[in-house]
Amino acid sequence: MEILTVHQRGKSQIKSKNRLKIFKLILSSGGISRIELGKSLHLSAASVTRGVEELVRAGLIYEEKKEITFVGRRPVLLNIRKNSCYSMGVHISRRSISLCIQNLQEEVIYEAKDSIWGIENGADLLQVLQRMMRQALEKTHICQEKIVSIGLAVRGTVNRQRGTVIYSEQTREAIPVVESVKSLFDAAVFLENNIDVDLKSAYSQEFPHTDELVYVFADEGISGGMISGRQVIRGRNNMAAQFAHLLVEENGRLCSCGQKGHLQPYFAKSAIEAEYQSQSGQTGVNLVQICDRADQGEEIAQAVLRTALEKLAAAMTQVVALFNPGVIVLCGDIFEHYPASVSFLKDTVAARLPITPLLHFDWRVRVRREIRPERNAAKLALEYLLEQ
């Protein structure tokens, strides 16, 4: 949408930036007068009037009617038309693509999910994504121009500068996901790793006053992220926080990367399930069931989980010693379904690293079913647009 685009040069750049600032403040305020806008943004009355009138003509905001009260005339407030434009969020995981459309008040207008299990080729992946986006517009009757921002939360190695993602470790193909989306929409496109999207969401909502935070996500693989000084640590090649490849046992199990002793072959969901099958002789038992059995006192289940948690504790000891976090956030079935896991981790790390100042941090569990990366991506995309 042209009205929310910052021009690149001259006076038009200043005017478009002021207009975007005005829109952003009206959006966050829930109702604000022109006088308050000018004071808050340090803009002249003429600049405020120009920006407001342009936004009104574009249908993005409206002025409430004047009202006479017993203390006099109430100031005219400016408010957002919540359905004047929308932000789309997409989550591309290993198994599926989830898509949502939210209005300016973060109300969900549309949601859809489609399987991509087994897809490794970039062209096939982008074909499913574009089809889902077209279907979303058809079913909601929203025109393309009203989608002003699109957030992409994608598993794999993200290159934000190039707009690509290495989704498959087998093909190592750099998929031009941003270019594909921009071929359909003239919108601001925000690309981020799916774990970093949840990291930002967890940080902003639950730990806004914590400067140093570690986030560990355990599922088919081990991934995570770190925040320092309120910024996500990315690393030179956008590959920071590779917890899966921390060494936890010299000459241990073979990792998918070809090296031995990394965390991945001990703590990945499939690794724990395989170890339980090996020790119990039972097949088809998933991680949640193993956790339930351990919680009920089954010795084999407890031993399998204890071994896995000891390896994670070895990895987290390294992280704590290097990073000195204020909070470690854990997400995964083992943390949700085996209550003893967090206290075991806490005690084991403390025993491995008896340096008291380093142990003054909190352990928190993030409930997996509450995580909606596509919704968080839609929100972050709109913030990205408004920060031009």
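The rules behind the values
Residues numbered from 1 in each chain as written. Predicted model: local features only at pLDDT ≥ 70, side-chain atom pairs only at ≥ 80, totals over all residues. Heavy atoms only, no water. Salt bridge = Lys/Arg side-chain N within 4 Å of Asp/Glu carboxyl O. Helix = DSSP H or I, 4+ residues; strand = E, 2+ residues; numbered from the N terminus. Buried < 20%, exposed > 50% of the residue type's maximum accessible area, 1.4 Å probe, protein only. Contact = heavy atoms within 4.5 Å.

Let us now look at the pattern of salt bridges. With the rule as written, the count across this model stands at 19 salt bridges. Between Asp219 and Arg368 there is a salt bridge whose closest N-O contact spans 2.8 Å. Residue Asp219 is found in the loop between strand S13 (212-218) and strand S14 (222-228), and its partner Arg368 is found in the loop between strand S17 (362-365) and helix H13 (373-386); the two are separated by 149 residues along the sequence. Here Asp219 falls in the buried class, since its relative accessible area comes to 15%. A salt bridge links Arg253 to Glu275; the shortest N-O distance between them is 3.1 Å. Linking Arg253 in the loop between strand S15 (231-232) and helix H7 (264-267) with Glu275 in helix H8 (residues 269-280), this pair joins segments that are 22 residues apart in sequence. Salt bridges sharing common partners tie together Glu111, Arg372, Glu374 and Arg375.

With that settled, consider the environment of Val285. Looking at where Val285 falls in the secondary structure, it is placed in the loop between H8 and helix H9 (287-295). Taking the C-alpha atoms as reference, Val285 lies 23 Å from Cys255; in sequence the two are 30 residues apart. Excluding residues within four positions of it along the chain, Val285 makes contact with Glu273, Tyr276, Ile290 and Arg293.

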